[in-house]
Amino acid sequence: MHTLSNPDHVVLAGDILDWANTKTGQVRTLVLTVATLMAIVAVLMAWWKTRSFVGTLVAFVLAALVLWGISNLSVLKDKVGSEIEDKGAAVSVVHVADAGPAATGEAGRLS
């Protein structure tokens, strides 16, 4: 494939994959940075609205859990995936001998 600016320059698939990996890393960093800023704002708002140490501490812990989850998505994916995978659960089948039709009427009463 030739680029429009330089027809002698060939872009290989490896170049595109490197570019995609670089952009993915940059987007991941951007998402983590924005989430961190939002967590700081949430903790400050919790303090501003409640003026309570407990409420602020709860907001801080929840923000830390969210940030940990965002930064460790691969760990969470592996844990959830191992819980969801079908391991082929054992199935037991019980055969009951045929006792004939159920008794009805006077003869079918049990004492």
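Rules and cut-offs
- Residues numbered from 1 in each chain as written.
- Predicted model: local features only at pLDDT ≥ 70, side-chain atom pairs only at ≥ 80, totals over all residues.
- Heavy atoms only, no water.
- Helix = DSSP H or I, 4+ residues; strand = E, 2+ residues; numbered from the N terminus.
- Buried < 20%, exposed > 50% of the residue type's maximum accessible area, 1.4 Å probe, protein only.
- Areas by Shrake-Rupley, 256 points an atom, 1.4 Å probe, with all protein chains shown as cover.
- Core = buried A, V, L, I, M, F, W, Y, C linked by side-chain atoms within 4.5 Å.
- Contact = heavy atoms within 4.5 Å.
- Expected span 1.5 Å × (residues − 1).

Caption draft 1: Geometry of the overall build of the chain. For the chain, the helix and strand inventory stands at 3 helices and 0 strands. Tracing the chain from N to C terminus, the helices and strands come up as α-α-α. Across the 111 residues of the chain, 8% fall into the buried class. When the accessible surface of the chain is totalled, it reaches about 10000 Å², and 68% of it is carbon and sulfur.

Caption draft 2: A look at the nonpolar core. Judged by nonpolar contacts, A39, V43, A46, A59 and A63 together constitute the single largest core of 5 residues. The leading source of residues in this core is helix α1 (residues 13–50), at 3 residues. If sequence neighbours within four positions are ignored, A59 has contacts with A42, V43 and A46.

Caption draft 3: Layout of the side chain of T56. In this fold, T56 is placed in helix α2 (residues 53–71). The buried category is assigned to T56, whose relative accessible area is 15%. Setting aside residues no more than four positions away along its own chain, T56 makes contact with V43, A46, W47 and T50.

Caption draft 4: Layout of unusual backbone geometry. If you check the backbone angles, R51 has positive phi at about 50 degrees while not being a glycine. Mapped onto the fold, R51 is located in the loop between α1 and α2.

Caption draft 5: A look at helix α3 (residues 73–84). Taking 1.5 Å per residue as the helical rise, α3 with its 12 residues ought to reach 16 Å, and the 16 Å between its terminal C-alpha atoms agrees with that figure. Of all the 12 residues making up α3, 0 are buried; the element is thus mostly uncovered.

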